[in-house]
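The chain contents come next:
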Amino acid sequence: MERISAWKKYDETALKELEAISKRYRDFLDHGKTERECVKQAVALAEKNGYRSLQDVISHGKKLIAGDKVYSVCMDKAVMLFHLGKKPLESGVNIVGAHIDSPRIDIKQNPFYEDTDLAYADTHYYGGIKKYQWVARALALHGVVAKKDGSLIEVVIGEDESDPVLCISDLLIHLAQEQMAKKAGEAVTGEGLDILLGGRPLEGEEKDAVKAMMLGILKERYGIEEEDMLSAELEAVPAGKSRDLGLDRSMILGYGHDDRVCAYAELEAMLRLPMLPEYTCCCLLADKEEIGSVGATGMRAHYFENAMAELVNLTSEHYSELTLRRALKNSRMLSCDVSAGYDPLYASAFEKKNAALMGCGVCYNKFTGSRGKSGSNDANAEFIGRLRKIMEDNAITWQTAELGKVDVGGGGTIAYICALYGMEVIDSGVPVLSMHAPQEIISKADLYEAVKAYAAFMKDAN
Ligand code: MN
Ligand code: MN
């Protein structure tokens, strides 16, 4: 089955729209380098477009009807948008779900030390990374520091042109004979990923004067004491903005396409829904996918189910557990997560005719997983059949994909977790090159097709 580049199908109007979406997406990416920052942007976008806080609706004792739009935030790290449809919740919700956490380097709880007149922060990396990719590059620090008095200090260092950046040093090639002979996975160690923070001693200080200088700046500029790091979440991420990639500007190079490209496509899709969609539609942005969807803000937690319970309660006379279960079971979902784009430079890792091709549209992965589909959500053929019709009816450029050759590796998504409710789920996403690298690559055409596909799915899936 031949796949045709989506680019070949675009007229002037389509190209204009594609560029406009790409521009908005790049802005979202540049201001959304942590899950918290993505939630903030999603809420701002939702409120601007008539969504109300679910919590506010509940506390004001209001009810909800078709056409109403609400959002619900979980611990500032996950968020759900709901647009209520004509049909009762019992007939299911059309869900698009993505994750907004990306691989990065987290600062430890007791991080600071000084060695030979240089000050450092110790780290623990988050998610699957090739550690050698994170050295010798400009890093920014994003996150929050929670003070004992309950206040929260927000930190962003290294994004403004006038800001300093941070860096993890690498060994010079001249002395790297031993390092270069190691396996790539061992050339840079996890404990070796210490971030350089300073190199100037504080005047009059005898011991650890460089660290003292650095701590003084943290205190003066941010009001952060060393012990406040005990209750901090600081993430080191690549500094700087995303860029158009290629002489033809057909691609975007940036940090965190996995999975913010799908998250953003979902948000755009939500805003394209008619005033009164047939079924209730939901955009679900989860945290912690990169470390197994664990924790209170990961997909395995029950915030989605709880929000659905609130909706059942707010749309009916009497709350019924059975209605909730039916609503979940009868739902349909696209688990939106990026896929491995076919890379001619690493052709041997792919089986080409089942690989996601760059620029050939949004992809659907019937299964992911590894070692014989283990850990995957193998989507039902019947559901895929229905999807094919929706994609065709809405003139979407789409493809099916598999994450690399059999037994070469694999990966997971949030699909299998939502499938536990008995709903139909399939993985869908945008092809990415250099996935999990500090700078990943997507095609603007695939982003554009994802936006249209997710909107079509929410509008037409039944
Ligand atoms: Mn992902
Ligand atoms: Mn990932």
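Everything discussed here concerns the structure shown above.
Given the structure is predicted, the values throughout are model-derived calculations rather than measurements.

Moving on: the overall build of the protein. When its secondary structure is counted, the protein shows 12 helices and 20 strands. Each of the three principal axes of the protein carries a C-alpha extent, and together these read 70 × 55 × 45 Å. Taking all 462 residues of the protein together, 53% fall into the buried category. Taking the contacts inside the protein whose residues are at least 6 apart along the sequence as the reference set, 77% of them involve residues at least 24 apart. With 55 positive and 71 negative side-chain charges, the protein shows a separation of 6 Å between the mean positions of the two kinds.

The coordination sphere of the manganese ion (ligand 1), as far as protein atoms go, consists of His99 (NE2), Asp258 (OD), Asp337 (OD) and Asp337 (OD), spread over 2.1 to 2.6 Å. Counting the intervening residues between successive donors of the manganese ion (ligand 1) yields the motif H-x158-D-x78-D. Separation of the manganese ion (ligand 1) from the manganese ion (ligand 2) amounts to 3.3 Å, with aspartate 258 serving as a shared donor to the pair. Taken together, the residues span a long stretch of sequence, with histidine 99 in strand β4 (residues 93-99) and aspartate 337 in the loop between β14 (332-336) and β15 (339-340) at a distance of 238 residues.

Next up on the list: the coordination of the manganese ion (ligand 2). Looking at the manganese ion (ligand 2), the protein donor atoms are Asp258 (OD), Glu290 (OE), Glu290 (OE) and His436 (NE2), and they sit 2.0 to 2.6 Å from it. Summarised as a motif, the one-chain spacing of the donors to the manganese ion (ligand 2) is D-x31-E-x145-H.

The 3 strands lie next to each other as β11-β12-β20, forming an open sheet whose pairing is antiparallel. Unpaired on one side and paired on the other, β11 (243-245) and β20 (440-443) mark the two borders of the sheet. Adjacent strand axes in the sheet meet at a mean angle of 35 degrees, parallel and antiparallel pairs treated alike. With 3 bridges connecting them, β11 and strand β12 (residues 251-254) associate as antiparallel partners. Residue pairing for β12: arginine 243 is matched across the bridge by leucine 253. Sheet strands in contact with helix α7 (residues 257-271) are β12 and β20, and its direction is about 30 degrees off that of β20. Along the sheet, helix α12 (residues 444-460) makes contact with β11, β12 and β20, crossing β20 at roughly 65 degrees.

It is worth spelling out the nonpolar core at this point. Ranked by size, the top nonpolar core spans 61 residues in total, and within it Tyr25, Leu81, Leu285, Leu334 and Tyr454 carry the most contacts. Per element, the largest residue contribution to this core is 11 residues, and it comes from α12. Membership of the second largest hydrophobic core comes to 35 residues, among which are Met80, Phe304, Cys418 and Met423.

On the basis of which strands lie adjacent, the open sheet formed by 9 strands has the order β1-β2-β3-β13-β4-β14-β18-β16-β17 and mixed pairing. Every interior strand has two partners, whereas the edge strands, β1 (52-53) and β17 (398-400), have only one. Pairing of strand β16 (residues 362-365) with strand β18 (residues 424-429), which is carried by 3 bridges, proceeds in the antiparallel orientation. Looking at β18, one finds that asparagine 365 is bridged to aspartate 427. The strands touched by helix α8 (residues 303-315) are β2 (69-74), β3 (78-83), β4 and β13 (280-286); relative to β3, the strand with the most contacts, the crossing angle is about 30 degrees. Where α12 meets the sheet, its contacts fall on β4, β13, β14, β16 and β18, and the angle it forms with β4 comes to roughly 150 degrees.

What follows concerns the environment of arginine 221. With respect to the helices, strands and loops of the structure, arginine 221 is situated in helix α6 (residues 209-222). Take arginine 221: its relative accessible area is 49%, and that puts it in the partly exposed class. Linking arginine 221 and glycine 61, residues 160 residues apart in sequence, is a C-alpha distance of 43 Å.

On to unusual backbone geometry. Looking along the chain, the bond that leaves aspartate 258 and enters aspartate 259 is cis, with omega of 10 degrees. Structurally, aspartate 259 can be placed in helix α7. Its identity as a non-glycine residue notwithstanding, lysine 373 has a phi of 65 degrees, on the positive side. Looking at the element boundaries, lysine 373 is found in the loop between β16 and α10 (381-393).

The final tally for this structure, using the stated rule, is 11 aromatic pairs. For the pair tyrosine 364 and tryptophan 398, a centre-to-centre distance of 5.9 Å together with 75 degrees between the ring planes defines the contact as edge-to-face. In this pair, tyrosine 364 is assigned in strand β16 and tryptophan 398 in strand β17, connecting sequence segments 34 residues apart. By way of ring pairs, the aromatic residues Trp7, Tyr10 and Tyr448 are connected into one cluster. Its guanidinium or amino end placed over the ring of tyrosine 126, arginine 104 lies 3.6 Å from that ring's centre, counting from NZ or CZ. Taking the ring centre of tyrosine 279 as reference, the NZ or CZ of arginine 332 above it sits at 4.3 Å.

What counts, and at which threshold
- Residues numbered from 1 in each chain as written.
- Chains lettered and ligands numbered in written order.
- Predicted model: local features only at pLDDT ≥ 70, side-chain atom pairs only at ≥ 80, totals over all residues.
- Heavy atoms only, no water.
- Helix = DSSP H or I, 4+ residues; strand = E, 2+ residues; numbered from the N terminus.
- Buried < 20%, exposed > 50% of the residue type's maximum accessible area, 1.4 Å probe, protein only.
- Contact = heavy atoms within 4.5 Å.
- Lys, Arg positive; Asp, Glu negative; His and termini not counted.
- Charge placed at Lys NZ, Arg CZ, Asp CG, Glu CD.
- Donors = N, O, S within 2.8 Å, 3.2 Å for Na, K, Ca; no water.
- Pairing = 2+ DSSP bridges.
- Axes fitted to C-alpha atoms, helices over the stretch in contact; angles between N-to-C directions.
- Core = buried A, V, L, I, M, F, W, Y, C linked by side-chain atoms within 4.5 Å.
- Phe/Tyr/Trp six-rings, centres within 6.5 Å; stacked < 30°, edge-to-face > 60°.
- Lys NZ or Arg CZ within 6 Å of the ring centre and 35° of its normal.

What is shown is where atoms sit, not what they do.
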